Amino acid sequence: MENAKHREDKLRRHCRDARNATVWAFFAICILEVIGAILIDWCPLDVRFPHAATVVEAFKAPQRPAEIVCLGSSRFGCSIDDRRVQGHLRSLTGDASVQAFNASVAGGDLVTSALILSHLVSAGTPRIVVIEITPEYICRKNRWLAIHLTRELTWRGIAPFLPDVISSGALSRFASSRLVPWYRHRSHFREWLVECVSGSPSPSQRVILPWMRSDWIAPSHPHDMAALEATRTNLRGYRKWLQDYEIGGGPALFLGDLLRLCRDRNIRALLVGAPLSSSHRALYTPQIEESFGVYMRDLNQKYGCAFIDLRSSVPDSEFSDSHHVDEAGRIRFSEILAREILSPELDRFHHKDTKKTKTSYDQ
Amino acid sequence: MLCLLAASIIFYAFWSPWYLLVIFASTSVDYMVALKMAALQAQRLRKILLWLSLSVNLGLLAFFKYGNFLTINFLNLVGSERAAPVFHVVLPLGISFYTFEAISYVVDVYRRRIEPVRNPADYALFILFFPHLIAGPIVRPGFFFPQVRRQKRFDWIRIQLGCELFLRGLFKKAVIADHLAAAVDPVFADPASFASRAIWWAVVCYTVQIYCDFSGYSDMAIGLAHSFGFKLPVNFRMPYLSLDISEFWRRWHITLSSWLRDYLYFPLGGSREGRLKTYRNLLLTMTLGGLWHGAGWTFVFWGFYHGTLLSINRALRGRVGLPRMLAGLLTLLAVSVGWVFFRADSFSTALTVLTRMFVPADGRIQDGMLLIGAASLILIVCVGHAIGAGIFGKFIRLGRILPAPAWGVAMATTFVIAQLLMPDDGKLFIYFQF
């Protein structure tokens, strides 16, 4: 009888300890994950987004930072040869000190551009910022959201995207990035730890974007079935992106932030439609074009920024796929950008003309 | 129970909803055959039903798993010059495991060891219960059905135990096994370019990797099942501490080796019909066990190799006495050599690895940091084994002596560390392919 009572007491105690340990473990895991989700927002740029860090570092390298900065994705990365643009501008304006800098990153959009510009202005304020823009970039449904969650978005940045997390196909990435950050950002945390211990970024963090190399040549069209299929898949992806097109949400807010920063810092912001092949442009229905045009006009009124549509400035034969130009397209686009867009803008600055001039591409 | 069954069906459907039809078809046949068999008295009819069920189960396994292997080898055997047709069929997840479970159920009913289950949901749960569905442990019906019938109560002790086991398994798999793969994969991809010591390192690392990978999965499965109020059989008991190969098979993948013993080795005659027949039975059982692992001659040979080792062990039992340490090391070496055939994608790769293991050769070696990392992970496993074997004194579960909050925080910290140390390119469990 005594033994049975003793056994029962022991079991009850054991059960209570097990409950306490499990509940403690559960709450400790929740707290540690919350700490992780806060910590990752403080992670240095070179750990979480090494491409952006390389761009910022390259911008800061010269004694006098460039006065023309191009922000965008790999489309702009391929399309703009900043040395060529710089050469054209120097000969066109006669100003041998003018500098252009291509700050585009792969998988970039307005979220990325806003982040990069906020870092660049801490090193020096450019005069002109050329911002890549196409209808998909300001679509409420952001297909890059999954990438942004990993590399640049913080809790504050995520907030405007929250209503559209599911339609953007980033629910699982959002959940893992914010609820189990130690898992999703494990490589970032490890790199950060190494950086803290060694005091310098690990070599793997020094990633040079291809278009930042002086000897880089934009790839030409591979003319094989695999490339054709990849292009088709790509177009299918964009078609899906543009379904139920609606401007707004996080991307529009980030564009607003970007343009506000430009206005506050007295930077001339030029929204430029990146060159696209006819098959890509065909994805934009008249309804999409209409709402995009209305939105661009609204932005122009609100922030005084021009929209210059260069989407059809490069012929289809000069594309390596549906939305990246080859070397010939790169040369052509760099010249158009320098001669027809940037040179008149620089002239305006040089002649201290405060009156807003319209380029031939202004809408 | 129905919730668990629904969860298991959803779990399987996530991978492939179409293959649910395969699993439902075989499950229905086995369920009905067992019911009918129990109702019949005529032994001949019962046997016919048994063969019907075995044919369906093994037929599906043969079609999905061995279709291409059998076709290619048949055409080679008859000397056909035609290129063997390749069937592009995806192996249904866990088919090898649930086929063995289904066979054990039908055979046990046939032997009148158990009564057939009346409720089809109970039988479906036995086959589909998601913690063990994909890669075991192989559960016996006599072990599982009493638990289905038992009233389930929320039990904190089981939840805690389940969490601990799950964490242990996660750590073994994600931290140890997946990182060791980095020291193994390049060597087995191109063994001819590596030096002998690099090959030895790779083989040692693979020996630890496969243990941590598979026993890690088993721990996670057992832990998950505990949390749902089910006990699954133990699958590993520190097998690398075995002093002979027969002990190794009593400690490694215990549910498979005991299944092979009860449903193959004993029906073949076991050790009752003389020495030569015992060797034959051992060879046959282990060779088929090797084939069960994969449709490839390297797996068949791996099984045959272990059958040979078991036969030698049986022949020498009581005649040769080795110091315990030496016996343990020899067993570990023999097992490690066997893993070469298990890991290599072809005989030529396996032979190159073995040649370079035993004949000194120059070549590439793994990166120094990689070796230090691998050595640290192996050391963790060794320390774990030493603790488990009681080398540092009587093993006491920390959970029993630490205050509950400290133990809870320790579990949470282990979970976070496991997440943090997972490699960037997570790998599937090795046994998923079987």
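Worth saying up front: this structure is predicted, and the values here are computed from it rather than measured.

A.B. asks: In this structure, what is going on with the overall build of chain B? I would like to understand it.
C.D. replies: Per the secondary structure count, chain B includes 18 helices and zero strands. In summary, chain B has a C-alpha radius of gyration of 23 Å against a globular reference of 22 Å for 434 residues, a match within 12%. For chain B, the spread of C-alpha atoms along the three principal axes comes to 65 × 65 × 50 Å. Here the contacts in chain B between residues at least 6 apart in sequence split such that 74% fall between residues at least 24 apart.

A.B. asks: What am I meant to see in the overall build of chain A here?
C.D. replies: Regarding its fold elements, chain A presents 16 helices and five strands. Structurally, chain A occupies a C-alpha span of about 105 × 45 × 45 Å along its principal axes. Expressed as a percentage of its 363 residues, the buried residues of chain A come to 42%. Considering only residue pairs separated by 6 or more positions, chain A has 83% of its internal contacts joining residues 24 or more positions apart.

A.B. asks: Can you help me understand the nonpolar core in this one?
C.D. replies: The nonpolar side chains of a soluble globular protein tend to be buried, and buried together. Counting 121 residues, the largest nonpolar core has B:L128, B:L180, B:V184, B:A202 and B:C205 as its most contacted members. Here this core gets 18 residues from one element, more than from any other, and that element is helix α8 (residues 156–189) of chain B. Apart from the residues within four sequence positions on either side, B:A202 is in contact with B:A183, B:V184, B:V187 and B:F188. Listed in part, the 69 residues of the second largest apolar core include A:W211, A:L255, A:C262 and A:L342.

A.B. asks: Would you mind showing me how to read the interface of chain B and chain A here?
C.D. replies: Accessible area lost upon the coming together of the parts is a frequently used measure of interface size. Facing 19 residues of chain B, the contacting portion of chain A comprises 21 residues. Counting residues per element, the ones that place at least two in the side of chain B that touches chain A are α8 and α18 (404–421) of chain B. Among the elements that line the side of chain B that touches chain A, the one with the most residues is α18(B), at eleven residues. Residue classes in the side of chain B that touches chain A are distributed as 14 nonpolar, four polar and one charged.

A.B. asks: Please clarify how unusual backbone geometry should be interpreted in this entry.
C.D. replies: Across the chain, the bulk of peptide bonds are trans and the bulk of non-glycine residues have phi less than zero. All names here are of chain B. The backbone of R112 sits at a positive phi, close to 60°, despite the residue not being glycine. Residue placement: R112 occurs in the loop between α4 (95–110) and α5 (120–128). You can call R112 exposed: it has 10 C-beta atoms within 10 Å. In this structure, H253 takes a positive phi of about 40° despite not being glycine. Judged by the 22 C-beta atoms lying within 10 Å of it, H253 is buried.

A.B. asks: Could you clarify how one ought to interpret the sheet that holds strand β1 (residues 68–71) of chain A in this entry?
C.D. replies: Strands in a sheet are paired, the pairing made by backbone hydrogen bonds, and the direction either parallel or antiparallel. Residues and elements named next belong to chain A. Reading across the sheet, the five strands line up as β2-β1-β3-β4-β5 and stay open at both edges, with parallel pairing between neighbours. Every interior strand has two partners, whereas the edge strands, β2 (100–102) and β5 (306–309), have only one. Pairs of neighbouring strands in the sheet enclose a mean axial angle of 20°, with direction left out of account. As paired elements, strand β3 (residues 128–132) and strand β4 (residues 268–273) share five bridges and run parallel to each other. When the bridges of β4 are listed, E132 appears paired with V272.

A.B. asks: Even after reading the chapter, I still don't get the pairing of β3(A), so can you show me in this structure?
C.D. replies: Look at any regular strand and the pattern is simple: side chains alternate between the two faces of the sheet. Judged by how many residues are buried, β3(A) sits mostly within the fold: five of five residues are covered. Every second residue of β3(A) is oriented toward a common face, with A:I128, A:V130 and A:E132 on one face and A:V129 and A:I131 on the other, all of them buried.

A.B. asks: Looking at this structure, I do not really get the confidence of the model for chain B. What am I missing?
C.D. replies: Keep in mind that low pLDDT regions are not for reading the predicted coordinates in detail. Residue-level pLDDT values for chain B average 87, and 94% of them are 70 or greater. In the model output, the complex is listed with pTM 0.79 alongside ipTM 0.76.

A.B. asks: For this particular structure, what's the right way to read the environment of A:R7?
C.D. replies: Residue and element names in this part refer to chain A. Locating R7 in the fold gives a position in helix α1 (residues 2–39). C-beta crowding within 10 Å serves as the criterion here: with 10 such atoms nearby, R7 is assigned to the exposed category. Spatially, the C-alpha atom of R7 lies 47 Å from that of H185, the residues being 178 residues apart in sequence.

A.B. asks: Which parts of the structure should I look at to understand helix α11 (residues 186–198) of chain A?
C.D. replies: For an α-helix, 3.6 residues make a turn, and residues three or four places apart therefore share a direction. Here α11(A) is 13 residues long and its end C-alpha atoms lie 18 Å apart, about the 18 Å a rise of 1.5 Å per residue gives. The complete set of buried residues in α11(A) reads A:R186, A:H188, A:F189, A:E191 and A:W192. Residues of α11(A) that are buried in the fold lie against α2 (45–48) and α10 (181–184) of chain A together with α18 of chain B. One or two positions beyond α11(A), positive phi appears at A:G199, with a value near 85°.

A.B. asks: What exactly am I supposed to notice about the packing of α8(B) against helix α16 (residues 368–388) of chain B here?
C.D. replies: Two quantities define a packed helix pair, namely the angle between the helix axes and the distance between the axes. All names here are of chain B. One can describe the packing of α8 onto α16 by two numbers: an axis separation of 9 Å at closest approach and a directional angle of 145°. Regarding α8 and α16, the two cross each other, and that crossing is left-handed. Residues I176, H179, L180, A182 and A183 of α8 pack against L370, G373, A374, L377, I380 and V381 of α16. Tallied by class, residues from the contact of α8 with α16 come to nine nonpolar, two polar and no charged.

A.B. asks: Help me understand the environment of A:C70, please; the structure alone is not making it clear to me.
C.D. replies: All names here are of chain A. Within the fold, C70 resides in strand β1. For the pair C70 and C262, spaced 192 residues apart in sequence, the C-alpha separation works out to 13 Å. Setting aside chain neighbours within four positions, we find C70 in contact with F76, I80, N102, A103, S104 and V130.

A.B. asks: Looking at this structure, I do not really get the confidence of the model for chain A. What am I missing?
C.D. replies: Here chain A averages 85 in pLDDT, and 93% of its residues register 70 or above. For residues 353–363 of chain A, every residue scores under 50 in pLDDT, and the model assigns this stretch 20 contacts once sequence neighbours within four places are set aside.

A.B. asks: What should I look at first to understand the packing of helix α3 (residues 43–77) of chain B against α4(B) in this one?
C.D. replies: Residue and element names in this part refer to chain B. One can describe the packing of α3 onto α4 by two numbers: an axis separation of 10 Å at closest approach and a directional angle of 175°. Looking at the two axes, α3 sits roughly antiparallel to α4. From α3, R46, L50, S53, L54, N57, L61, F64 and K65 reach across to α4, where they touch I95, S96, T99, A102, I103, V106 and Y110. The residue makeup of the contact of α3 with α4, split by class, is nine nonpolar, four polar and two charged.

A.B. asks: Can you help me understand the environment of A:D326 in this one?
C.D. replies: All names here are of chain A. Mapped onto the secondary structure, D326 falls in the loop between β5 and α16 (327–350). D326 gets classed as buried once you count the C-beta atoms within 10 Å, which come to 20. Along the sequence, D326 and G87 sit 239 residues apart, while their C-alpha atoms lie 20 Å from each other. Those residues within four positions of D326 in sequence are excluded, and the remaining contacts are A218, P219, S220, H221, E318, F319 and S320.

Quick notes on the rules
- Note on numbering: residues in each chain are counted from 1, in written sequence order.
- Chains carry letters and ligands carry numbers; both start at the beginning, A for chains and 1 for ligands, and go up in the order they are written.
- For a predicted model such as this one, the threshold for reporting local features is a pLDDT of at least 70, and the threshold for listing and counting side-chain atom pairs is 80 or more; totals across whole chains, interfaces and linings nevertheless cover every residue.
- Here a helix means four or more residues in a row that DSSP labels H or I, a strand means two or more in a row labelled E, and each is numbered from the N terminus.
- The reference for a compact globule is 2.2 Å times residues^0.38; the radius of gyration itself is calculated from the C-alpha atoms.
- We call two residues in contact when the distance between their C-beta atoms, placed using the backbone, is within 7 Å.
- Residue burial here comes from a neighbour count, namely the number of other C-beta atoms, placed from the backbone, that lie within 10 Å of the residue's own C-beta, with 20 or more meaning buried, 12 or fewer meaning exposed, and in between meaning partly exposed.
- What we call a nonpolar core is a set of buried Ala, Val, Leu, Ile, Met, Phe, Trp, Tyr and Cys residues whose membership is set by joining through C-beta atoms within 7 Å.
- We call Asp, Glu, Lys and Arg charged. Ala, Val, Leu, Ile, Met, Phe, Trp, Tyr, Cys and Pro are nonpolar, and the rest, Gly among them, are polar.
- Any two strands are treated as partners once DSSP identifies two or more bridges connecting them.
- Geometry is summarised by axes, namely lines fitted to C-alpha atoms with helices restricted to the contacting stretch, and by angles between N-to-C directions that run from 0 to 180 degrees.
- Values of pLDDT, which run from 0 to 100, indicate the predictor's confidence residue by residue.
- Each helix should span, by expectation, one fewer than its residue count multiplied by 1.5 Å.
- Each crossing gets its hand from how the near helix is turned against the far one by less than a right angle, where anticlockwise is left-handed and clockwise is right-handed.
- Orientation categories follow fixed angle ranges, with anything under 35 degrees roughly parallel, anything over 145 roughly antiparallel, 65 to 115 roughly perpendicular, and all other angles oblique.

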